[in-house]
Amino acid sequence: MAGKQSDGLHARIHAVVRRIPRGRVASYGQVARLAGLASQARLVGYAMAALPDGTSVPWHRVVNAQGRVSPRATPGYDSLQRALLEREGVRFDASDRIDLARHGWQPRTRTQR
DNA sequence: TTTATGGCTGTCA
DNA sequence: ATGACAGCCATAA
């Protein structure tokens, strides 16, 4: 294991984010929880921020618990995220909000439980 | 090493 | 519904 511990952490987060289907969104907390990092939603955000430009990780499918695109430090990226989501068919509310009940990613079929 | 901040979340007023 | 506080921990200076 010549790697660093953070590699596994990031890999785990990336794996979860990668599992988000197109046209769907997940919250940081949800991703964190699925990655085994319960209550560490921030780390997910940092892991996303650390992603390279040409990443294959659909970071734009990750939004906050309010179903909105979090205002990032870099201006322009927020609109980019929204554009990418709209491009996938995700609709935004008049308050720039996403209907999580409709576009929210559900890794488990809750209807059966 | 310490300090400060951050692509968050949940609870309380 | 909105606004303020605290908690979790990685990354940067």
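Since the structure is predicted, the reported quantities are computational estimates derived from the model, not experimental observations.

Peer 1: Explain the protein's contact with DNA strand C to me, please; I cannot follow it from the model alone.
Peer 2: Near DNA strand C the following residues occur: H10, S39, Q40, R42 and L43. Of what DNA strand C places within 4 Å of the protein, 54% of the atoms are sugar or phosphate. Between DNA strand C and the protein, one listed contact pairs a base nitrogen with a side-chain N or O atom of R42 at 3.0 Å. The class makeup of the residues in the surface near DNA strand C is one nonpolar, three polar and one charged.

Peer 1: Where do I start with the protein's contact with DNA strand B in this structure?
Peer 2: Inspection of the region around DNA strand B gives 14 residues, with Y28, R42, Y46, A65 and S70 positioned closest. For DNA strand B, the fraction of atoms within 4 Å of the protein that belong to sugar or phosphate moieties is 44%. One of the backbone nitrogen or oxygen atoms of V62 is found 3.3 Å away from a base nitrogen of DNA strand B. Taking S70, its side chain carries an N or O atom lying 2.8 Å from a phosphate oxygen of DNA strand B. If you list the elements that add at least two residues to the surface near DNA strand B, you get α2 (28–34) and α3 (41–49). Top contributing element to the surface near DNA strand B by residue count: α3, with four residues.

Peer 1: Before we go on, may I ask you to explain helix α4 (residues 77–87) in this structure?
Peer 2: Residues spaced three or four apart along an α-helix face the same direction, because each turn holds 3.6 residues. Residues of α4 that are buried: Q81, L84 and L85. Projection of α4 onto a plane perpendicular to its axis shows the buried side chains occupying an angular sector of 100°, all on one side. Elements in contact with the buried residues of α4: β2 (62–63). Directly after α4, the chain includes G89, whose backbone phi takes a positive value near 100°.

Peer 1: Explain the pattern of salt bridges here, please?
Peer 2: Side chains that differ in charge, positive against negative, can pair when their charged atoms come close. A full pass over the atoms with the stated rule returns four salt bridges. D96 is the salt-bridge partner of R82, the closest N and O atoms lying 2.5 Å from each other. Separated by 14 residues along the polypeptide, R82 in helix α4 and D96 in the loop between α4 and α5 (100–103) bring together distant segments of the chain. Residue classification places R82 among the partly exposed positions, given a relative accessible area of 25%. The network of salt bridges with common partners includes R82, E86 and D96.

What counts, and where the lines are drawn
- Residues numbered from 1 in each chain as written.
- Chains lettered and ligands numbered in written order.
- Predicted model: local features only at pLDDT ≥ 70, side-chain atom pairs only at ≥ 80, totals over all residues.
- Heavy atoms only, no water.
- Near = heavy atom within 4 Å.
- Polar contact = N/O pair within 3.5 Å; in protein donor to acceptor, adjacent residues only side chain to side chain.
- Nonpolar A, V, L, I, M, F, W, Y, C, P; charged D, E, K, R; others polar.
- Helix = DSSP H or I, 4+ residues; strand = E, 2+ residues; numbered from the N terminus.
- Buried < 20%, exposed > 50% of the residue type's maximum accessible area, 1.4 Å probe, protein only.
- Arc of directions from axis to C-beta.
- Contact = heavy atoms within 4.5 Å.
- Salt bridge = Lys/Arg side-chain N within 4 Å of Asp/Glu carboxyl O.

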